[in-house]
Amino acid sequence: MPLTGEDEFDQTLETRRVSVETVFAELRTSLGLHWPRPTIGGHATVGATRIDGRRVPIVGYLNFIHPPQVQVIGEPEIAYLDTIEPDQHAHVLERLTTGATRLVVVADDQTLAAPLREALYGAGIAVFESRESGHKAAYRIRHFLGEALARQVTLHGVFLEVLSIGLLLTGDSGVGKSELALELVNRGHRLVADDAPEFALLGPDDLNGGCPALLQDFLEVRGLGLLNIRAMFGEAAIKRRKQLGLIIRLVRPESSHLAAADRLAGTRATRRILDVDIPEITLPVAVGHNLSVLVEAACRDHLLRMQGHQSDRQFADRQRAAMSVAPDTADPAGSGSHACPPGEGLE
């Protein structure tokens, strides 16, 4: 089921890029980075890049054939460069300086040969130095750029952690999302973001959501205005990021979304967000409904379904088994009891 305009108001996934100087600032401490020539290559950027229709890798080890945008050179790579014949040096320098490479990270406390270092500087390519291993440098750079360059989208709703599940409450404006979120926080669950949670695709099925810095800790409730949830309920009431696992859509009883409700399975659908299928449950907002209890029950049922336990199927199987038993075996006392078709007699 595709998202509608009222739920997703930022479907433009523009190409995101990260500057070399940002990489240095973010990873300087964790990798112990040293930048000998900070005036060279700092404004260059890395991101989705194609050359002659070929996608250029973002991070990789020393590569002359398909040079990545960030090349990590550690002890093994330095040892390999030392074995290159002098007549091949020109070819190596050309491949490293004329491709898409924008940053070279020299790891393992190694030092580049002067001709190679000066050739990189001459091509405007930044060179970082680190005492950490090449493996650690490549891992941390991949992780940072993977998050920074991930496909992102902003959805309308309130994002919470309920019973370990990343839960997004959606629905029309004024339907009661914030009031329900406040009640859930009061019951011990955690707020991630109100109004405009931001989601990034960090893995094949990892749609990870967080809160914009401007909205962090705040929940807007009609009649009360902005509430600082961290100040009111403490640090434990706030969750920085969470993987989206379930969507609950709140609708008014007269909504057309409830027209085809299934008495056994409920009103369930699947929403596709950034190529990830997320289960969605539609709940009516009506007088007398304890929505916080219903949401908690929906989350508990979702956890059971993830383990293969589906109550509607179990009930239907039980009825089907009861109806297949011979009458004299099923009711030896002649009490006249009988099984009714699925979905009937549940009032």
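Coordinates for the structure precede this section.
Residues numbered from 1 in each chain as written. Predicted model: local features only at pLDDT ≥ 70, side-chain atom pairs only at ≥ 80, totals over all residues. Heavy atoms only, no water.

Q: Please clarify how the overall build of the protein should be interpreted in this entry.
A: Of the regular secondary structure elements, the protein holds ten helices and 20 strands. Across the 347 residues that make up the protein, the buried fraction comes to 42%. Contacts in the protein between residues far apart in sequence, at least 24 positions, make up 69% of those at least 6 positions apart. Entry remark: accessible area of the protein is about 18800 Å², with carbon and sulfur atoms responsible for 51%. (Helix = DSSP H or I, 4+ residues; strand = E, 2+ residues; numbered from the N terminus. Buried < 20%, exposed > 50% of the residue type's maximum accessible area, 1.4 Å probe, protein only. Contact = heavy atoms within 4.5 Å. Areas by Shrake-Rupley, 256 points an atom, 1.4 Å probe, with all protein chains shown as cover.)

Q: I'm lost on the nonpolar core in this one. Help?
A: Here is a general trend for soluble globular proteins: nonpolar side chains tend to be buried in one another's company. Counting residues in each nonpolar core, the largest one holds 28 residues, and the members touching the most others are L160, L169, I229 and I248. When residues of this core are traced back to their parent elements, those giving at least two are strand 11 (157–162), strand 12 (165–171), helix 6 (177–186), strand 16 (218–221), strand 18 (241–251), strand 20 (276–284) and helix 8 (291–306). In terms of residue count, the dominant contributor to this core is helix 6 (five residues). Apart from residues no more than four positions distant in its own chain, L160 is found in contact with I165, G166, L167, L169, A181, L184, V185, R190, L191 and V192. Of all hydrophobic cores here, the second largest spans 24 residues; its members include V18, L33, L103 and A107. (Core = buried A, V, L, I, M, F, W, Y, C linked by side-chain atoms within 4.5 Å.)

Q: Looking at this structure, I do not really get the packing of aromatic side chains. What am I missing?
A: For any two aromatic rings, the description comes down to two numbers: the centre-to-centre distance and the angle of the planes. Evaluation of the coordinates by the stated rule reveals five aromatic pairs. On the basis of an interplanar angle of 35° and a centroid distance of 6.2 Å, the ring pair of F64 and Y80 is categorised as tilted. Placement of the pair is F64 in the loop between strand 6 (59–61) and strand 7 (70–73) and Y80 in helix 2 (residues 75–82), with a sequence separation of 16 residues. The exposure class of F64 is buried, given its relative accessible area of 16%. Owing to a relative accessible area of 46%, Y80 belongs among the partly exposed residues under this scheme. One aromatic cluster is present, formed by F24, W35 and F128 through successive ring pairs. (Phe/Tyr/Trp six-rings, centres within 6.5 Å; stacked < 30°, edge-to-face > 60°.)

Q: Would you take a moment to explain the packing of helix 6 against helix 8 for this structure?
A: Axes are the key here: two packed helices are described by the angle between their axes and the distance separating the axes. It is at 9 Å that the axes of helix 6 and helix 8 come closest, and there the two elements cross at 70°. Of the possible angle classes, the one that applies to helix 6 and helix 8 is roughly perpendicular. From helix 6, L180, E183 and L184 reach across to helix 8, where they touch L291, S292, V295 and E296. Taken together, the residues that form the contact of helix 6 with helix 8 break down as four nonpolar, one polar and two charged. (Axes fitted to C-alpha atoms, helices over the stretch in contact; angles between N-to-C directions. Parallel < 35°, antiparallel > 145°, perpendicular 65-115°, else oblique. Nonpolar A, V, L, I, M, F, W, Y, C, P; charged D, E, K, R; others polar.)

Q: Is there a simple way to think about the pattern of salt bridges in this case?
A: Side chains bearing opposite charge may pair, as long as their charged atoms lie close to each other. Applying the stated criterion to the full structure yields 14 salt bridges. Its salt-bridge partner being E161, residue K239 comes within 3.8 Å of it at the nearest N-O pair. One end of the pair, K239, is in the loop between helix 7 (229–233) and strand 18; the other, E161, is in strand 11, with 78 residues separating them in the sequence. With its nearest N and O atoms 2.3 Å apart, the salt bridge here joins R230 to E235. The exposure class assigned to E235 is exposed, which follows from its relative accessible area of 54%. (Salt bridge = Lys/Arg side-chain N within 4 Å of Asp/Glu carboxyl O.)

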